[in-house]
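Inside the fold
Each chain, written out:
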Amino acid sequence: MATNVEFVSSHQLRNNETTCKTSDCGQGILIRNATKIYGVGKKRCTVLNGIDMSVKKGTIYGLLGASGCGKTTLLSCLVGRRRLKSGDILVLGHKPGSPESGIPGPRVGYMPQELALFGHFSIKETLHYFGRIYNLKTDFINSQLEFLSKLLDLPPSHRYVGTLSGGQQRRVSFAVALFHEPELLILDEPTVGVDPLLRHSIWNHLVRQSVDHGRTIIVTTHYIEEARQANAIGLMRSGRLLAEDSPENLLREYNLSSLEDVFLKLCMADFVGNEEKINTGAQQLSYQLSGGIDNVAFHASKSELNISGTGHLQQMELNLQHGKTPIAFTNKRSGFINSNSEARKRPKLICSKSVLPSSNRLNALIQKNFLQMFRNIGMLLFIFLIPAIQVILSCLSLGGDPSFLRLAIVNDELDPSQDRICNYTTTCTYSMFSCRYLRFIDNTTVVQVPFESVSDALDAVKSGKVWGVVHFPKNFTDELVVRRADGKFADKETILASSIAITLDYSSQQISLSLKQSLIEAFEDFSKDILAACSYEPTALGIPVTFLDPIFGENEPSFVEFITPGIILTTIYLIAVALTTAVFLSERKSGLFDRSIVAGVQMSEFMIAHVVNQFIVLIGQTVFVYIFALLVFKISFHGSLALAVLITLLQGLCGMSLGLMITSLCDELTSAIQLSLGSIYVNLFVSGILWPTEGVPVYLRYFCFLMPQTYAIESLRNIFSRGWGVERPEVFWGILISSGWIFVFLGLALVIGRIRKYTG
Ligand SMILES: Nc1ncnc2c1ncn2[C@@H]1O[C@H](COP(=O)(O)OP(=O)(O)OP(=O)(O)O)[C@@H](O)[C@H]1O
C-alpha cells in the first residue's frame, strides 16, 4: 500500500505562509528540511537535521528510530510545542501554532511519552477534565468513557490514576488522546508497557480510525514489527530520515523478511556511509527527493549492504495484517466488536481562533485546581493555616523581654562582722542602700547571684555563667548621702565611691539592653521609694524629662507590634511564590502542562485559573492570619480592617505573580528554588520587615523602596499602629505599588513564556 506523496518544496511551503493551497491540503503532514538545534555554544546539538517527511491524510505513519534520534522532538514540533530552527511544517494544511490551524487544539490528540496525568484524579475525573477542555457534552463524555474502557480494558473508572499499574496508566493516557476523536493523532510510544494482546487491539483500533474515519495517525514505537500495520514508515537515525516508504516496499526493496532487519541494514549503511565520508570523502549517500514517495526512499546501493538478510530478532507473536484492505476489528479481550461510532454521535469540535480565554477551558482548569486542592485535605489545611502558624510563632517567640538572666552581685557594703547586713527597711533610714536598691530589680528579668570578689564575678562572666557584674563599693550608702548633700560640689572620690559599677556582657544586644533598662528602672524606683519614705516628692530627683501619652501606639511599645505587619505580608507573599512555583513546575515536569497546551489551553487561561484558585487560598489564609493576630494575640490595630485585608490580598497576588515569572524562567525545580530563595532573602533584609528602613544606610534606601514589599509593609504598619486610611500617601502607595508589581511580574511571565516558547 504504497502511498503517493506529492513532493512540495520548502520554498513552496514558505510561500504558503501558514495555510496550504490546493494540492497540499490533501496532505496530513508535510515537513521539509526540518532542522532543530538545542543549546548554544559548546552545548549546541543538532537534533533534527534536514528532515523531509510526508504523511497522507487518513493514513498511519510509523516513526521508528533508536532512542535519542529525535522522534519526540519532531512530534513536539508537529503539535506546536516547539519551533524549528529552519525548515517548514504543515499539519492538516496549516502551520502548527497558527490561529487557523486548530493545533494546538481539538484537531489533535496527543499522547506524550511521559504519563502526563493527575495521580490524584480518578480515571473518570481525568477524562471529564479533558472533555471539558474540548467542550464536549456530558453524554458524549460518558459514552466515550464506556467505549474506551472496553476497548483499552481500563480498570474501573473510580480508580485513582496514581494507584494504577504502569501499563494501566499508559492506557488511560492513550484513552485521553483518543477521547475527543480528533482528526490527527500523535502518539509517542503508545504501546510501551502494554501486553501483546492489548497492543494488537490498540493497533486494530488505530487502523479502523484511519480507514473508517479518515484520521491521520503518527505513532512512534520501539516495537518495530508492529509498525507493519502502518501505511508508511519513516526510519530515523541521528536526526535524519534514512528511509520513508510503505513497509511492503521496504521489505521488498531490501529483500528482507523483517522491518527490524531493514532498519539494521539502513543504520549500518548510514554508519558505513558516514565513515567513508570522513575517511575518503567518498560520495554521499543520496536522498532522491522528487516524484513521489518511492523516490523519497533511501537509495543505498544494496551491494554496499553486506549484511545477512535473515531475521535475528524475535518475531512478534501477532499475526499482523497489512496492506490496503481494511482490517477487521475484533477485540477478543473485551468482546467488543466494531467501533461504536454509530451509537455515539461525534461532537462538533470547535477550533477557537480567539485569543480571548474560553469559558469552558477556564471552568475545566478551575475545577481541576479545586479538585486537586481538596483531594489532599491535610495539605489543604496546611496551606490555609501556614501563614497563621507563622504569625503565632512570631508572636510567641519575637519581641518578648528576655528573662531569668543571671547577674553577679558583689556587695562590698556587706560586712556581718561590723553588723552591716541587709536589713530590708522601708523607712526613711539611710542604711544599706545597696540591699534596698537590689530589692527593686525585677526578679523575672534578673536572677541575682552573690559573689565574694569582683575578680571571681568577672571570671564567671568570661566563662558565660553570668551576664554581668554589679559591684557596690564599701561605703556606698554613706558616700551616696554625701553626694546628694554636696550636690554640684561633690568631688570625684565621692562620686566614684557612691557609684554602682556595672560590667556587662554585650555580646547580645537585646539582653544587654534589657539588663541596662532593668537596672536603671530599679534605681528610679529605689530613689522614689526613699524620697517617699522621707516625705519628699518621689519624682524630685528624676531626670527632668517627661514622656506624655503617646499620639500613636502604646506607652511601652513591643517589638512584636512592629514586626507583625511585616510577618503577615511576607508569609502570605512567600507562600504564594512557593505554591505557584511548585504547582506549575510539577505540572510541567509531569507533562500535564504540555498535554493541556496541546489540547488547546492557553498560557493566559492557566494563569487566570491559577489566580482564581490562589485567590480563594489567599482569602482563607488572610482570615486565619487576622483571627490569630488580632483576636488571639491582641496585636493593637487602629485602622480599617478592609484596607489591611486588601493590602494582604494584593501582596499574595504579587507573590503569585512572581511565582509565575519564576516558572516561566526555570524548567527545573532546583533552579526555581534557588531563584525563589535568592529573592526571598533580599526581600527579607531590605523590605523593612525585621528592621525599620530608617535604619538602613541612605544610599541603600532607594533600593529598599524598589522591592515589592517595602511600601506595602510600611502601609500596613501605618494602618495597624496609626490607624491611617487610604487618603494618606503612606497607605495609598502601598496599594498602588503592590498592584504595579503584580502587573510587572505577570507581564514579564507572559513575555518570557512567549520568548522561551519561540526559542524552545
Ligand atoms: N530540551 C532539550 N534540551 C537539550 N537537549 C534535548 C532536549 N530535549 C531533547 N534533547 C536531546 O535531543 C535528542 C533527541 O531527543 P528526543 O527525545 O527527541 O529523542 P527520541 O528519539 O524521542 O528518544 P526516545 O525514543 O528515547 O524517546 C536527545 O539527545 C536528547 O537528549
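Residues numbered from 1 in each chain as written. Predicted model: local features only at pLDDT ≥ 70, side-chain atom pairs only at ≥ 80, totals over all residues.

Observations concerning the overall build of the protein chain
- Along the backbone of the protein chain there are 24 helices and 15 strands.
- In the protein chain, buried positions account for 41% of the 760 residues. (Helix = DSSP H or I, 4+ residues; strand = E, 2+ residues; numbered from the N terminus. Buried ≥ 20, exposed ≤ 12 C-beta atoms within 10 Å, placed from the backbone.)

A few points about the packing of helix H17 (residues 559-589) against helix H19 (residues 603-632)
- Close contact between H17 and H19 brings their axes to 11 Å; oriented N to C, the two are set at 150°. On the basis of their axis angle, the class for H17 and H19 is roughly antiparallel. Here H17 and H19 pass one another in a crossing that is right-handed. For the pair H17 and H19, the contacting residues are Thr564, Ile568, Ile572, Ala576, Leu579, Thr580 and Val583 in the first and His610, Gln614, Leu618, Gln621, Val625 and Ala629 in the second.
- Taken together, the residues of the contact of H17 with H19 sort by class into 8 nonpolar, 5 polar and no charged. (Axes fitted to C-alpha atoms, helices over the stretch in contact; angles between N-to-C directions. Parallel < 35°, antiparallel > 145°, perpendicular 65-115°, else oblique. Left-handed = near helix turned anticlockwise from the far one by under 90°. Contact = placed C-beta atoms within 7 Å. Nonpolar A, V, L, I, M, F, W, Y, C, P; charged D, E, K, R; others polar.)

As for the nonpolar core
- Counting residues in hydrophobic clusters, the biggest one holds 144 residues, and the most contacted among them are Ile29, Leu78, Ala175, Ile186, Ile218, Leu235 and Phe745.
- Here this core spans two domains, since at least three of its residues come from each of domain 1 (53-85 + 93-353) and domain 2 (368-394 + 558-759).
- Discounting chain neighbours no more than four positions away, the residues touching Ile218 are Ile29, Val55, Tyr61, Leu63, Leu75 and Ile186. (Core = buried A, V, L, I, M, F, W, Y, C linked by C-beta atoms within 7 Å. Domains from an automatic or database assignment.)

Some points on the UniProt feature "domain: ABC transmembrane type-2" (unreviewed entry) in the protein chain
- Mapped onto the present numbering, the UniProt feature "domain: ABC transmembrane type-2" (unreviewed entry) falls on residues 528-756.
- Annotated as 72% helix and 0% strand, the span residues 528-756 places its first and last C-alpha atoms 74 Å apart. (UniProt positions renumbered as here; feature names shortened; annotations may be inferred.)

Examining the UniProt feature "domain: ABC transporter" (unreviewed entry) in the protein chain
- Here, UniProt's "domain: ABC transporter" (unreviewed entry) annotation points to residues 29-263.
- Split by type, residues 29-263 is 33% helix and 26% strand. Its first and last C-alpha atoms lie 23 Å apart.

Thoughts on the sheet that holds strand E12 (residues 405-411)
- Strand order across the open sheet formed by 4 strands is E13-E12-E14-E15, with mixed pairing between neighbours. Strands at the two margins of the open sheet, each flanked by one partner only, are strand E13 (446-450) and strand E15 (501-504). In this sheet, adjacent strand axes meet at a mean angle of 25° when their direction is disregarded.
- Examined bridge by bridge, E12 and E13 share 5 bridges and lie parallel to one another. Counterpart to Arg406 in the pairing with E13 is Val447.
- Set on the sheet, helix H13 (residues 454-462) makes contact with E12, strand E14 (468-472) and E15; between it and E14 the angle comes to about 165°. (Pairing = 2+ DSSP bridges.)

Notes on the site of the ligand
- Taken together, 13 residues surround the ligand, and among them Tyr38, Ser67, Lys71, Thr72 and Thr73 come closest.
- Going through the elements one at a time, strand E2 (45-56) and helix H2 (71-78) are the ones with two or more residues in the shell around the ligand.
- With 3 residues, the single largest contributor to the shell around the ligand is H2.
- When grouped by side-chain class, the residues that make up the shell around the ligand number 4 nonpolar, 8 polar and 1 charged. (Near = placed C-beta within 6 Å.)

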